[in-house]
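# Overview (structure and organization)
One-letter residues, chain by chain:
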Amino acid sequence: DATNYHTKPTACKYYNFSRNNITMRFFPGAVLAALSLGAASTAAFSSNNKIISSRSSASLKSPVARVRGTIPTALSSSMSTDPAIAELYKRKSRPEYIPGRIDDPDYVRIFDTTLRDGEQSPGATLTSSEKLEIARNLAKLGVDIIEAGFPIASPDDFAGVKQIADVVGNEVFEDGYVPVIAGLSRANEKDIARAWDAVKGAIRPRIHTFIATSEIHMRSKLNKTPDEVVAIAVNAVKYAKSLGCDDIEFSPEDAGRSDPEFLYRILAETIDAGATTLNIPDTTGWNMPWEFGELIKKLRENVRGAENVIFSTHCQNDLGLATANSLSGALNGARQLECTINGIGERAGNASLEEIVMALALKGDEQFVGGPGTGKLFTAINPVYITPTSKMVAEYTGMKCQPHKAIVGANAFQHESGIHQDGMIKDKSTYEIMTPESIGLMRGESQSGAGIVLGKHSGRNAVGTRLRELGYDLDLDKLNAVFARFKEVAEKKKGGLDDDDLESLVSDQSGSMNELWKVTGLQATTGLSGIPTATVKLMGPDGVERYVSSTGTGPVDAVYKAIDQIIGVEVTLESYAMNSVNEGIEALASTRVVVVPTMDGPNDSAVMDAQTSQLREKKFSGSGSDTDIITSSARAYVSALNKLLTWKMRRMANGADQTGAKDAVAVDGEAPLVVGAN
């Protein structure tokens, strides 16, 4: 079972390792966690989904390449003798990389532009070292092409792209894989030369050049005629080829709003000039999925020389359709999909890599019939690296994912609904179409191993299951009492209750089975200029609610004095302790008190000390929990008094010492001051 992983929290300490002017950050805790997955699944996805079949892969030979498997930051499948772990991290095979051609018509190349388009998100600036770390993770992920940046933009951009090309672009993995490193350029010689200087150090360099082709862009932005735009595009591709680049991508910017007939013309001309990949951008996120898919289909059918190039998609998310449009493009023959980690990018962002990859992994072999090949589409992405790469990008860019983001959001594999939790406990595939472990989220045994978030919507089964996992074997009555209290607290506490909260509630209800008095209402006022006052309402053994107001030295003292008056006891508070169960402003407060009945008082509980043979007063403890510290204190005090009264009643029933109040209700000679009753 892929959800049986269990990893302990590890220290966040890291070490910086520098060599050849390159700094790597090494997290030993992360490596330890990865190597300790003793029960890892041999299946990357849940049992009702298929894993991509093995395909042939050609090895790459280069005299200048470094073998990536020897680099500490790469987790090779050979690092463990456990076949389950090795299978989880095993790299996926892929066809030999040839610019402009894919020998397997079902293979879809993944072009990641996180470091270029993603960095164009406002506030998402990355340093060169951060870009290098992200690029290395993208290589572990197995993306086919890394668009490392826009070299002409600034000296730092140039240096960052060049560093990635020289380092990541030369680190060959054990299976022969090395990513293509691309640099973006406008369609002019200065930009193209700068881009080539930045990427040419890679084993597989690519120049990506573009010019706008929509009527509004040509008129308003470029101030060019269609003929001039075609000439500029052709000259740009020819110049890139003249520099020695044999992998050239051309993009007609705003193709989604361009005249299809003009696209047929300009794309055919760029193919003749030497372009190997034609990228079709929906630059403004304007197209519907059926529109965009039809555009790809028409281009493949009407562009002269289309059979000699790879068609690509680049979809923006302005209408929330970037992933859908990209997949529609794949359905209609696009065999390169451009995307970013977490979907970051200009304005509303780009197509999300994790969404595209997992959609193809789960549905690629059955929902894409109609384009070239058999319709069983696949990628070579290693999805187990999705989560760590997503977290790295979010941390470095400062752009956190929304909690309900597909695949990588904090809530993507969490369940609070009682109905859903019941299903997850019985069979995880009832509500999860993939396992979190398949994307590198090692859930382990936390949250019942099923992403169970215990909140106000949780049912008795989920609470009971988690209590049993924590070692509490409660009978039905006790479970019902804990569950009732759980519901009360969950209504107030946002974010759900964790294990410490739950255990605190068990302690809170430890004496509830003999509960004589119960707190049903409480209000306290205090401050620098006023007298602390509390009004407490209790329900007694007879089912009648009584309430009393009292003052004290503080709000807790006032509450305890009011409780004493209602119940009619004389005790000494020997110990009072309060702890925060967890962190945060909404943390649950856990209070523990110890009370001792007053000697010779109405609730005298004198017992013989076995060691000294002298009488001493028996002590009674009580615990209470609540998000409100005053309520928590009241519950703890009443719990202790209930234990005292129950013990006293049991002694009286057994004919033991008959001293003290016979009904354990009122103090002798002094009736409680009851100011109201229901």
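Let me sum up the structure you'll find in this document. (Residues numbered from 1 in each chain as written. Predicted model: local features only at pLDDT ≥ 70, side-chain atom pairs only at ≥ 80, totals over all residues. Heavy atoms only, no water.)

## Examining the overall build of the protein chain
A count of helical and extended segments in the protein chain gives 18 helices and 21 strands. If you take every contact in the protein chain between residues at least 6 apart in sequence, the share linking residues at least 24 apart comes to 70%. Per element, the accessible surface of the protein chain, about 29800 Å² overall, is 52% carbon and sulfur. (Helix = DSSP H or I, 4+ residues; strand = E, 2+ residues; numbered from the N terminus. Contact = heavy atoms within 4.5 Å. Areas by Shrake-Rupley, 256 points an atom, 1.4 Å probe, with all protein chains shown as cover.)

## Focus on the pattern of salt bridges
Between side chains of opposite charge, pairing is possible as soon as their charged atoms come close. Summed over all chains, the structure comprises 24 salt bridges. The partner of R265 in a salt bridge is D227, and the shortest N-O contact between them spans 2.7 Å. On the criterion of sequence distance, the pair formed by R265 in helix α8 (residues 260-273) and D227 in helix α7 (residues 226-242) is long-range, its members being 38 residues apart. According to the relative accessible area criterion, R265 is partly exposed, its value standing at 36%. Owing to a relative accessible area of 48%, D227 belongs among the partly exposed residues under this scheme. A salt bridge links K561 to D557; its shortest N-O distance comes to 3.3 Å. Linking K561 with D557, this pair stays in helix α17 (residues 555-567), spanning 4 residues, or about one helical turn. Take K561: its relative accessible area is 37%, and that puts it in the partly exposed class. Accessibility expressed as a relative area gives 24% for D557, which makes it partly exposed. One network of salt bridges, with partners in common, ties together R116, D117 and E147. (Salt bridge = Lys/Arg side-chain N within 4 Å of Asp/Glu carboxyl O. Buried < 20%, exposed > 50% of the residue type's maximum accessible area, 1.4 Å probe, protein only.)

## Some thoughts on the nonpolar core
Counting 92 residues, the largest nonpolar core has L141, V143, F250, L267, I280 and L299 as the members making the most contacts within it. Looking at this core, the element that brings in the most residues is α8, giving 8 residues. Of all hydrophobic cores here, the second largest spans 29 residues; its members include W517, Y560, A562 and A640. (Core = buried A, V, L, I, M, F, W, Y, C linked by side-chain atoms within 4.5 Å.)

## Description of unusual backbone geometry
Here the phi dihedral of N223 falls at roughly 55 degrees; this positive angle occurs in a residue that is not glycine. With respect to the helices and strands, the residue N223 is situated in the loop between α6 (215-222) and α7. Phi at R347 is positive, roughly 50 degrees, even though this residue is not glycine. Its location among the elements puts R347 in the loop between β12 (336-339) and α11 (353-363).

## Remarks on α7
Every α-helical turn comprises 3.6 residues, leaving residues that sit three or four positions apart pointing alike. Taking 1.5 Å per residue, 17 residues should reach 24 Å; α7 reaches 24 Å between its end C-alpha atoms and fits that length. Taken as a whole, α7 has its buried residues at V229, V230, A233, V234, A236, V237 and A240. All buried residues of α7 lie within an arc of 155 degrees about the axis, which places them on one face of the element. Residues of α7 that are buried sit in contact with α5 (189-199), β8 (205-212), α6, β9 (248-253) and α8. Directly after α7, the chain includes G244, whose backbone phi takes a positive value near 105 degrees. (Expected span 1.5 Å × (residues − 1). Arc of directions from axis to C-beta.)

## Things to note about the packing of α5 against α7
Contact pair α5 / α7: the axes reach a minimum separation of 10 Å and the direction vectors enclose 35 degrees. In this structure, the crossing between α5 and α7 has a hand that is right-handed. Where α5 abuts α7, its residues E189, I192 and A193 lie against A236, Y239 and A240. Considering only residue class, the contact of α5 with α7 consists of 5 nonpolar, no polar and 1 charged. (Axes fitted to C-alpha atoms, helices over the stretch in contact; angles between N-to-C directions. Left-handed = near helix turned anticlockwise from the far one by under 90°. Nonpolar A, V, L, I, M, F, W, Y, C, P; charged D, E, K, R; others polar.)

## Regarding the sheet that holds strand β5 (residues 145-149)
With parallel pairing, the 8 strands of this closed barrel are ordered in space as β4-β5-β7-β8-β9-β10-β11-β12. Across the sheet, the mean angle separating the axes of adjacent strands is 25 degrees when strand polarity is ignored. Here strand β11 (residues 310-315) runs beside β12; their pairing, made up of 3 bridges, is parallel. Paired with T313 across the bridge in β12 is L337. Lying over the sheet, α8 contacts β9 and β10 (277-282), oriented at roughly 165 degrees with respect to β9. (Pairing = 2+ DSSP bridges.)

## Concerning the sheet that holds strand β20 (residues 620-626)
Strand order in the open sheet formed by 3 strands is β16-β17-β20, with antiparallel pairing between adjacent strands. Edge positions in the open sheet fall to β16 (571-580) and β20, since each of these has one partner strand only. Going across the sheet, the axis of each strand differs from the next one's by a mean of 20 degrees, ignoring polarity.

## Let's talk about the packing of helix α3 (residues 128-141) against helix α12 (residues 386-397)
Close contact between α3 and α12 brings their axes to 10 Å; oriented N to C, the two are set at 165 degrees. In terms of axis orientation, α3 runs roughly antiparallel to α12. When you trace α3 past α12, the crossing you get is left-handed. In this structure, α3 contributes E130, E133, I134, N137, L138 and L141 to the contact, and α12 contributes I386, P388, T389, M392, V393 and Y396. A per-class count over the contact of α3 with α12 returns 8 nonpolar, 2 polar and 2 charged. (Parallel < 35°, antiparallel > 145°, perpendicular 65-115°, else oblique.)

## Here we look at the pairing of β20
With 7 of 7 residues buried, β20 is to be regarded as a mostly interior element. Of the two faces of β20, the one carrying F620, G622, G624 and D626 and the one carrying S621, S623 and S625 are both buried. As paired elements, strand β17 (residues 589-597) and β20 share 7 bridges and run antiparallel to each other. For V594, the partnering residue across the bridge sits in β20 and is S621.

## Quick look at the packing of aromatic side chains
Enumeration over the complete set of coordinates arrives at 5 aromatic pairs. Each ring, one from F483 and one from F486, has its centre 6.1 Å from the other, and the planes form 20 degrees; the classification is stacked. Here the residue F483 and the residue F486 both occupy positions in helix α15 (residues 476-490), the gap between them amounting to 3 residues, near one helical turn. You'll find F483 and F486 in the same group, each marked buried. With 3.9 Å between their ring centres and 10 degrees between their planes, Y560 and Y637 make a pair best called stacked. Note that Y560 is positioned in helix α17 and Y637 in helix α18 (residues 629-653), a separation of 77 residues in sequence. Each member of the pair Y560 and Y637 is classed as buried. A connected cluster of aromatic rings, assembled from ring pairs, spans Y560, Y576 and Y637. Just above the ring of F173 sits the side chain of R91; from NZ or CZ to the centre is 4.0 Å. (Phe/Tyr/Trp six-rings, centres within 6.5 Å; stacked < 30°, edge-to-face > 60°. Lys NZ or Arg CZ within 6 Å of the ring centre and 35° of its normal.)

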